[in-house]
Amino acid sequence: MHKALIAEELLALFTDRGRAAAIAGDLTEEAGAKGTAWFAAALANVAGALFFCAFAGARGHTLRLLGKGLLVWCALYMGVRIIGALSGVAPRYAADADFAALDLGAQLYLAGALIVAALLAGAVLGARATANGVNAAVPLAMLWLTTAVVAPVWDLAAGTATWYCTILYLTGLPLCYVLPLLTG
């Protein structure tokens, strides 16, 4: 039953909830005979197909959703940062924001600000599904996932790759941006 709920939540990002529940139920039934690996692969294939189906014919709409998502996230992030700056927890100016030189409390606040802004943006954007049932937060999540893959490759090609930046891209972006955005 747990697999069906996870599958339904994932598929509901790309289609309406009724269709997602039906597909998740079918996949869960088949998984009983074919196994967990088959279920994971089939779920990934169906989610990918639904994603490309939903966004392929609506490029302009998707770009508008992405723009709105970026505006919402930036406004929320700025609000959280302003609260931190006014309370003295975070630096007031970008020039003061040498992350390594900040105390642990300020570092944790800045990391938390990213997560809180993503959660709030996910709640704001996810509260309104598009006409075809797609969660409005998905284009922004896809942008950040793409960045998480492209940035380390870019660094490697430029000869500036470091192990800590690669880890930050591959884990930090999905954990601090994408997961909270889709959870919200």
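## A look at the overall build of the chain
Right, so step 1: Along its length, the chain carries seven helices and zero strands.
Right, so step 2: Mapped in sequence order, the helices and strands of the chain form the string α-α-α-α-α-α-α.
Right, so step 3: The proportion of buried residues among the 184 residues of the chain is 36%.
Right, so step 4: Intrachain contacts of the chain at a sequence separation of at least 6 include 65% that bridge at least 24 residues.

## Side note on the packing of helix α1 (residues 2–11) against helix α2 (residues 17–34)
Right, so step 1: Where α1 meets α2, the closest approach of the two axes is 8 Å, and the angle between their N-to-C directions is 140°. If you check the angle between α1 and α2, you find them oblique. The element α1 and its partner α2 pack so that their crossing is right-handed. In contact with Lys3, Ala4, Ala7, Glu8, Glu9 and Leu11 of α1, α2 contributes Arg17, Ala20, Ala21, Ile23, Ala24, Thr28 and Ala31.
Right, so step 2: Split by residue class, the contact of α1 with α2 holds eight nonpolar, one polar and four charged.

## So, the nonpolar core
Right, so step 1: By size, the foremost hydrophobic cluster in this structure holds 22 residues, and its most contacted members are Trp73, Tyr77, Leu125, Leu140, Trp144, Tyr177 and Leu181.
Right, so step 2: Where this core is concerned, the elements lending two or more residues are α4 (59–87), α5 (104–126), α6 (138–158) and α7 (163–183).
Right, so step 3: A total of six residues in this core trace back to one element, the largest contributor, which is α5.
Right, so step 4: When sequence neighbours within four positions are dropped, the list of residues in contact with Leu125 reads Gly69, Val72, Asn135, Ala136, Ala137, Leu140 and Leu181.
Right, so step 5: Counting 17 residues, the second-largest nonpolar core is a separate cluster that includes Leu13, Phe14, Ala24 and Leu43.

## What about the confidence of the model for the chain?
Right, so step 1: Looking at the chain, the pLDDT average stands at 78 and 87% of residues meet or exceed 70.
Right, so step 2: Model confidence for the chain, summarised as mean pLDDT per element, is weakest for α7 at 77 and strongest for α2 at 84.

## Brief notes about the packing of aromatic side chains
Right, so step 1: Tallied over the entire structure, the rule returns two aromatic pairs.
Right, so step 2: Each ring, one from Trp73 and one from Tyr77, has its centre 5.0 Å from the other, and the planes form 5°; the classification is stacked. You can see Trp73 and its partner Tyr77 sitting in helix α4, four residues apart, about one turn around the helix.
Right, so step 3: What makes Trp73 buried here is its relative accessible area of 8%.
Right, so step 4: When the ring of Trp73 is compared with that of Trp144, the centres are 5.4 Å apart and the planes differ by 75°; the resulting orientation is edge-to-face. Of this pair, Trp73 sits in helix α4 while Trp144 sits in helix α6, and the two are 71 residues apart along the sequence. In this pair, the class of Trp73 matches that of Trp144, namely buried.
Right, so step 5: Among the aromatic residues, ring-to-ring pairing joins Trp73, Tyr77 and Trp144 into one connected group.

What counts, and at which threshold
Residues numbered from 1 in each chain as written. Predicted model: local features only at pLDDT ≥ 70, side-chain atom pairs only at ≥ 80, totals over all residues. Heavy atoms only, no water. Helix = DSSP H or I, 4+ residues; strand = E, 2+ residues; numbered from the N terminus. Buried < 20%, exposed > 50% of the residue type's maximum accessible area, 1.4 Å probe, protein only. Contact = heavy atoms within 4.5 Å. Axes fitted to C-alpha atoms, helices over the stretch in contact; angles between N-to-C directions. Parallel < 35°, antiparallel > 145°, perpendicular 65-115°, else oblique. Left-handed = near helix turned anticlockwise from the far one by under 90°. Nonpolar A, V, L, I, M, F, W, Y, C, P; charged D, E, K, R; others polar. Core = buried A, V, L, I, M, F, W, Y, C linked by side-chain atoms within 4.5 Å. pLDDT = per-residue confidence, 0-100. Phe/Tyr/Trp six-rings, centres within 6.5 Å; stacked < 30°, edge-to-face > 60°.

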